[in-house]
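Geometric and topological summary
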Amino acid sequence: MIEQLEYNTERHRLIIPEYGRHIQKMINIAVATEDAAERNKQAKAIIGVMGNLQPHLRDVPDFQHKLWDQLFIMSDFKLDVDSPFPKPSKEVLQERPNPLGYPQNFPKYRFYGNNIKRMIDVANSWEEGEMKEALEFAIANHMKKCYLNWNKDTVEDYVIFKHLFELSDGKIDLAAKEEDLSDSSNLLKQKKKFSNKNQQQRNNKNRNNRKRY
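The rules behind each value
- Residues numbered from 1 in each chain as written.
- Predicted model: local features only at pLDDT ≥ 70, side-chain atom pairs only at ≥ 80, totals over all residues.
- Heavy atoms only, no water.
- Patch = residues over 30% accessible without salt bridge, like charges linked within 9 Å, V, L, I, M, F, W, Y side chains within 5 Å.
- Areas by Shrake-Rupley, 256 points an atom, 1.4 Å probe, with all protein chains shown as cover.
- Salt bridge = Lys/Arg side-chain N within 4 Å of Asp/Glu carboxyl O.
- Buried < 20%, exposed > 50% of the residue type's maximum accessible area, 1.4 Å probe, protein only.
- Phe/Tyr/Trp six-rings, centres within 6.5 Å; stacked < 30°, edge-to-face > 60°.
- Helix = DSSP H or I, 4+ residues; strand = E, 2+ residues; numbered from the N terminus.
- Axes fitted to C-alpha atoms, helices over the stretch in contact; angles between N-to-C directions.
- Parallel < 35°, antiparallel > 145°, perpendicular 65-115°, else oblique.
- Left-handed = near helix turned anticlockwise from the far one by under 90°.
- Contact = heavy atoms within 4.5 Å.
- Nonpolar A, V, L, I, M, F, W, Y, C, P; charged D, E, K, R; others polar.
- Core = buried A, V, L, I, M, F, W, Y, C linked by side-chain atoms within 4.5 Å.

Looking at a nonpolar patch on the surface
Taken together, the side chains of Val122, Trp126 and Met131 make up a nonpolar region of the molecular surface, amounting to roughly 310 Å² of accessible area. Judged by relative accessible area, tryptophan 126 falls into the partly exposed class, the value being 37%.

Shown next as structure tokens:
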């Protein structure tokens, strides 16, 4: 009996492991079947078993198409049966996709992030008024918080105003206005409070998932 045991190291690689070894063996038997009618019958039975693994989707047309495509893929495109859908091509499946064009942004002050420049551009597009001024100070306070995240210490308001003036191409000059930004200690407290809240949520989640015997 020991001689009949199969070890994973001696088995063929599973093309789609999610369906398991038995589905793969059924497909291999169908590929080796010489009678075309019997082969078609076996293919439909295999599709039914594959669909039973996700019964809520097995009658959806798009899902049926997916099952047939996976059937041909797991047979290494060697299964010759009548499919209700166009057979997939091995060449198309193995074709490398075109590389994605990722945006390459190299901001001068990287600790502010890329979104700050977008926010500044939006503020510059607004008409003068209280709403625009409130947005400008909101951006400046956010810049100050980002700076503290990077510096871990403190920062003077004039530094933020200078950076904001530079990033806005001289269109936003808060240094000329007699108004201060939020205090550094308050921003650090908000950050610490937010971090503690996230840590508490993680602890509660771990506590709820703990096994009880």
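Focus: the packing of aromatic side chains
All chains considered together, the criterion is met by five aromatic pairs. Ring centres 6.0 Å apart and planes at 65 degrees place the aromatic pair tyrosine 109 and tyrosine 112 in the edge-to-face group. One exposure class covers both tyrosine 109 and tyrosine 112, and it is buried. Pairing phenylalanine 111 with tyrosine 147 gives two aromatic rings, centres 5.2 Å apart and planes at 85 degrees, and the pair type is edge-to-face. With phenylalanine 111 in the loop between helix H4 (90-94) and helix H5 (115-125) and tyrosine 147 in helix H6 (residues 130-151), this residue pair connects regions lying 36 residues apart in the sequence. Exposure remark for tyrosine 147: the relative accessible area of 14% places this residue in the buried category. Taken together, Tyr109, Phe111, Tyr112 and Tyr147 form an aromatic cluster joined through their ring pairs.

Side note on the environment of alanine 36
In this structure, alanine 36 sits in helix H2 (residues 36-52). Accessibility expressed as a relative area gives 37% for alanine 36, which makes it partly exposed.

Details of the packing of helix H1 (residues 20-32) against H2
A packed helix pair is summarised by two numbers, namely the angle formed by the two axes and the spacing between the axes. Their axes nearest at 9 Å, the elements H1 and H2 cross at an angle of 165 degrees. As judged from the angle between their axes, H1 and H2 are roughly antiparallel. For the crossing formed where H1 meets H2, the hand is left-handed. Taken together, the residues of H2 that come into contact with H1 (itself represented by Ile23, Met26, Ile27, Ile29 and Ala30) are Arg39, Gln42, Ile46, Val49 and Met50. Split into classes, the residues belonging to the contact of H1 with H2 amount to eight nonpolar, one polar and one charged.

Some words on the packing of H6 against helix H7 (residues 157-167)
Interhelical geometry of H6 versus H7 gives an angle of 115 degrees and a closest axis separation of 10 Å. The crossing of H6 and H7 is right-handed. Together, Glu136, Ile139, Ala140, Met143, Lys144 and Tyr147 of H6 and Asp157, Val159, Ile160, His163, Leu164 and Leu167 of H7 make up the contact between the two elements.

Re the side chain of glutamine 24
Here glutamine 24 shows up in helix H1. Judged by its relative accessible area of 8%, glutamine 24 is buried. Dropping the residues within four chain positions of it, glutamine 24 is found in contact with Leu14, Ile15 and Met74.

Things to note about the nonpolar core
By size, the foremost hydrophobic cluster in this structure holds 22 residues, and its most contacted members are Tyr112, Ile139, Met143, Ile160 and Leu164. Elements with a minimum of two residues in this core: H5, H6 and H7. Not counting chain neighbours up to four residues away, the residues in contact with isoleucine 160 comprise Tyr112, Ala140, Met143, Lys144, Tyr147, Val155 and Leu181. With 18 residues, the next largest nonpolar core counts Tyr19, Met50, Leu71 and Phe72 among its residues.

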